[in-house]
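One-letter residues, chain by chain:
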Amino acid sequence: MLDIIQLSEKVLGLEDLEVEVEYQGDTIGKYGLDFNGEAFVLTKTMTDCLAKDKCGIPAQKPKLKLSEIQTSAAGCCAPNSKCC
């Protein structure tokens, strides 16, 4: 495989570039490729949702003030509540 890659680099004038691998297991995943001295290994990559409008993720995070957030147990752990 290395001979094929080296010949391709020479013939096509390719540079050293990062390689990305798609592998299908239960789902199709994208991985980087590394060499550990003995074998090629797949490495983790960051992925992103391709259908953000379908999965309920807002385009922008809502900005909230902590002082305006109310919880149902607001007084539970107040300093003198004796809950702890």
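A quick note: this is a predicted structure, and the numbers were derived from the prediction, not measured. (Residues numbered from 1 in each chain as written. Predicted model: local features only at pLDDT ≥ 70, side-chain atom pairs only at ≥ 80, totals over all residues. Heavy atoms only, no water.)

Once that is clear, we can look at the overall build of the protein chain. Along the backbone of the protein chain there are one helix and three strands. When the elements of the protein chain are put in sequence order from the N terminus, they spell out α-β-β-β. Sorting the 84 residues of the protein chain into buried and exposed places 2% on the buried side. Long-range contacts, defined here as pairs at least 24 residues apart, represent 0% of the contacts in the protein chain between residues at least 6 apart. Of the roughly 8,700 Å² of accessible surface on the protein chain, a fraction of 55% belongs to carbon and sulfur atoms. (Helix = DSSP H or I, 4+ residues; strand = E, 2+ residues; numbered from the N terminus. Buried < 20%, exposed > 50% of the residue type's maximum accessible area, 1.4 Å probe, protein only. Contact = heavy atoms within 4.5 Å. Areas by Shrake-Rupley, 256 points an atom, 1.4 Å probe, with all protein chains shown as cover.)

Here we come to helix H1 (residues 2–12). For H1, the buried fraction is low: zero of the 11 residues fall into the buried class. Positive phi shows up at Gly13, right after H1, with a value of about 65°.

Here the focus is the layout of surface pockets. The volume enclosed by the largest pocket comes to roughly 360 Å³. If you trace the largest pocket, you find 14 residues lining it, with Ile5, Leu17, Val19, Leu33 and Phe40 closest to the centre. Listing elements by their share of the lining of the largest pocket, those giving two or more residues are H1 and strand E2 (28–35). Counting residues per element, the lining of the largest pocket draws most heavily on E2, which supplies four residues. (1 Å grid on protein atoms, 1.4 Å probe; cavity = no way out; pocket = protein on both sides within 12 Å on 5 of 7 lines; lining within 4 Å. Points joined across faces, edges and corners; volume = space filled by probe spheres on them.)

Here the protein chain averages 77 in pLDDT, and 85% of its residues register 70 or above. The weakest mean pLDDT in the protein chain belongs to strand E1 (residues 20–24) at 81; the strongest belongs to strand E3 (residues 40–43) at 88. (pLDDT = per-residue confidence, 0-100.)

Moving on: the sheet that holds E1. Spatial ordering of the open sheet is given by E1-E2-E3, a layout of three strands whose pairing is antiparallel. Each of the sheet's edge strands pairs with one partner strand only, and the pair in question is E1 and E3. Strand after strand, the sheet turns through a mean of 50° between neighbouring axes, direction not considered. Sheet analysis places E1 next to E2, joined by five bridges and oriented antiparallel. In the strand pairing of E2, Glu22 is matched with Lys30. (Pairing = 2+ DSSP bridges. Axes fitted to C-alpha atoms, helices over the stretch in contact; angles between N-to-C directions.)

Among the surface-exposed residues, Met1, Leu2, Ile5, Val19, Tyr23, Leu33, Phe35, Phe40 and Leu42 lie close enough to one another that they form a single nonpolar patch of about 910 Å² accessible area. Put simply, the parts of the chain that give the nonpolar patch at least two residues each are H1, E2 and E3. (Patch = residues over 30% accessible without salt bridge, like charges linked within 9 Å, V, L, I, M, F, W, Y side chains within 5 Å. Salt bridge = Lys/Arg side-chain N within 4 Å of Asp/Glu carboxyl O.)

Let's shift gears to the pairing of E2. Counted along the chain from E1 to the antiparallel partner E2, the turn is three residues long. Inspection of the sheet shows E2 paired to E3 by four bridges, in the antiparallel sense. When the sheet's bridge partners are listed, Phe35 is paired in E3 with Phe40. As consecutive antiparallel partners, E2 and E3 are separated by four residues, and within that stretch Gly37 has a phi angle of approximately 100°, a positive value.

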